[in-house]
Amino acid sequence: MRGRQVFMDSLVAHGVDRIFGNPGTTESPLINSLPDYPQIDYIVALHEGIAVGAASYYAQASGKTPVVNLHVAPGLGNGLGMAYSALKANSPMVITAGQQDTRMRLREPLLSHDLVGMAAPVTKWSVQAERADEMSALMRRAFKIASDPPCGPVFVSLPIDVMEQETDIAAAAAGTLHRAPAAAAEGVADVVSRLLRAERPVFVVGDDVARSGGAAALVALAERTGATLWQEGLHAQVCYPTDHANARASMPFDAAAIRRVLADADLVMLIGGPFFEEVWFSDGSPFPDGAGVVQIEAAQQRLAFNYPLDVGLVGDIAMTLSQLADGVDAAASDADRQRVQTRNAALQAEKAAM
């Protein structure tokens, strides 16, 4: 079999049903393979930025990992701005570009360049296939990295000769990866205790809450604790009903303004970040003095990345929110429930007056 067949079989193995692209000469191996894969649609865009942007939107809306197919250095260059946006939006995708025949590389053929170096700053991983024998392992890793939290784009350069090389190594099965474990029980108990002690908790919510299917659990926890809900400033998902009594708007874009929003909070819980998406510089912490800070994430690298925490939890976000809601239910006293009821009523009145 040829490298291009392993490439296409890898797409099928990972559930790809759409390729977004703007192809040229070096993409001919992929284009020539499409008739043998009717289950995969090729959606042509008139500009590479549109192809990457459409794939990012599709990834956000479907939860799938699409493939983008661009044309050597100019095509990749045209797509890099939207690749950056996909990285910031945590959109999983595999971006590819056809590369010139590797036997010509020293002659610097038309439209050639260091594609891996171009893509590296705006992707989670950037790599070139050097032999058809490594296509299977390379594509398996590309989909894994793109879908590992926090999700994002990866780039694979596909030289035209490598796509046409023969290999005996078939595409690898995707498998089912259960990435996010249950949060540590002692950590959940600690956060439950802090939520029950808090008089004015605030939850700041990122896109991973929606991606995890945790919106309902988030609202249940907010109602059980009297928490105010704020969404991170830059977001690609809606993580809670905006007309809910506890719901407020999106966070501002500098530390001083964020601190004003959080001024009355005695506990701030950051959920499914990153935090915070700042635009303007201002001195000081975004958190009010004396407020406790808790963070819940699906990926360890996001915990305490910018700010120190009192408690950090890593685990499936929807499951963790449900565990916290159950824990609050089990541990709350009658006085706790009355206090939360009073706070929820105040939030509802405040919402009605907006």
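Residues numbered from 1 in each chain as written. Predicted model: local features only at pLDDT ≥ 70, side-chain atom pairs only at ≥ 80, totals over all residues. Heavy atoms only, no water.

**Student:** What am I meant to see in the overall build of the protein chain here?
**Tutor:** Helix and strand counts for the protein chain stand at 13 helices and 12 strands. The principal-axis extents of the C-alpha atoms in the protein chain amount to approximately 75 × 40 × 35 Å. Taking all 354 residues of the protein chain together, the buried fraction comes to 52%. Pairs at least 24 residues apart make up 76% of the contacts formed inside the protein chain by residues separated by at least 6 positions. Of the roughly 15700 Å² that the protein chain leaves accessible, carbon and sulfur atoms contribute 54%. Looking at charge distribution, the protein chain has the averaged site of its 27 positive side-chain charges lying 1 Å from that of its 40 negative ones. (Helix = DSSP H or I, 4+ residues; strand = E, 2+ residues; numbered from the N terminus. Buried < 20%, exposed > 50% of the residue type's maximum accessible area, 1.4 Å probe, protein only. Contact = heavy atoms within 4.5 Å. Areas by Shrake-Rupley, 256 points an atom, 1.4 Å probe, with all protein chains shown as cover. Lys, Arg positive; Asp, Glu negative; His and termini not counted. Charge placed at Lys NZ, Arg CZ, Asp CG, Glu CD.)

**Student:** Please clarify how the sheet that holds strand β5 (residues 126-128) should be interpreted in this entry.
**Tutor:** Backbone-to-backbone hydrogen bonds join strands into a sheet, with any given pair of strands oriented parallel or antiparallel. Spatially, the six strands line up as an open sheet ordered β2-β1-β3-β4-β6-β5, and their pairing is parallel. Strands with a single pairing partner mark the edges of an open sheet, and in this sheet they are β2 (41-44) and β5. On average, each strand axis in the sheet is tilted by 25° relative to the strand beside it, whichever way the strands run. As defined by bridge partners, strand β4 (residues 93-99) adjoins strand β6 (residues 153-159) across seven bridges and the pair is classed as parallel. The residue of β6 that forms the bridge with M93 is P153. Where helix α6 (residues 135-147) meets the sheet, it contacts β3 (67-71), β4, β5 and β6, and its direction lies at approximately 160° from that of β6. (Pairing = 2+ DSSP bridges. Axes fitted to C-alpha atoms, helices over the stretch in contact; angles between N-to-C directions.)

**Student:** Help me understand the pairing of β2, please; the structure alone is not making it clear to me.
**Tutor:** On any regular strand, side chains alternate: one points to one face of the sheet, the next to the other face. Sheet topology note: the strand β1 (residues 18-21)/β2 ladder contains four bridges and is parallel. Bridging from a neighbouring strand, G21 pairs with V44 of β2. Each parallel crossover has a hand, and for β1 linked through helix α2 (residues 28-33) to β2 it is right-handed. (Right-handed = clockwise from strand over helix to strand, strands pointing away.)

**Student:** Honestly, helix α12 (residues 317-331) in this entry has me stumped. Any pointers?
**Tutor:** The periodicity of an α-helix, 3.6 residues per turn, causes residues three or four places apart in sequence to face the same way. Taking 1.5 Å of rise per residue, the 15 residues of α12 would be expected to cover 21 Å, and the 21 Å separating its terminal C-alpha atoms lies within 8% of that figure. The inward-facing, buried residues of α12 abut α8 (185-197), α9 (208-211), α10 (215-225), β10 (267-271), β11 (292-297) and β12 (311-314). With a side-chain oxygen positioned 3.4 Å from the backbone nitrogen of A318, the residue opening α12 is D316. (Expected span 1.5 Å × (residues − 1). Polar contact = N/O pair within 3.5 Å; in protein donor to acceptor, adjacent residues only side chain to side chain.)

**Student:** Sorry, what's going on with the pattern of salt bridges here?
**Tutor:** Two side chains carrying opposite charge are able to pair once their charged atoms lie near each other. In this structure the tally under the stated criterion is 19 salt bridges. The residue K88 makes a salt bridge to E277 at a minimum N-O spacing of 3.9 Å. Of this pair, K88 sits in helix α4 (residues 72-88) while E277 sits in the loop between β10 and β11, and the two are 189 residues apart along the sequence. Judged by its relative accessible area of 41%, K88 is partly exposed. Taking the relative accessible area as the measure of exposure, E277 reaches 11% and is therefore buried. (Salt bridge = Lys/Arg side-chain N within 4 Å of Asp/Glu carboxyl O.)

**Student:** When you look at the side chain of Q295 in this model, what are you seeing that I'm missing?
**Tutor:** In this structure, Q295 sits in strand β11. The exposure class of Q295 is buried, given its relative accessible area of 4%. Once residues lying within four places of it in the same chain are set aside, the contact partners of Q295 are L270, F275, R302, L303, A304, L309, V311, G312 and L313.

**Student:** Explain the environment of I317 here, please?
**Tutor:** Among the structural elements, I317 can be located in helix α12. I317 gets classed as buried once you look at its relative accessible area, which sits at 2%. Considering only alpha carbons, one finds I317 and I296, 21 residues apart in sequence, at a separation of 7.0 Å. Residues in contact with I317, not counting those within four places in the same chain, are D208, V209, S212, I271, G272, E297 and A298.

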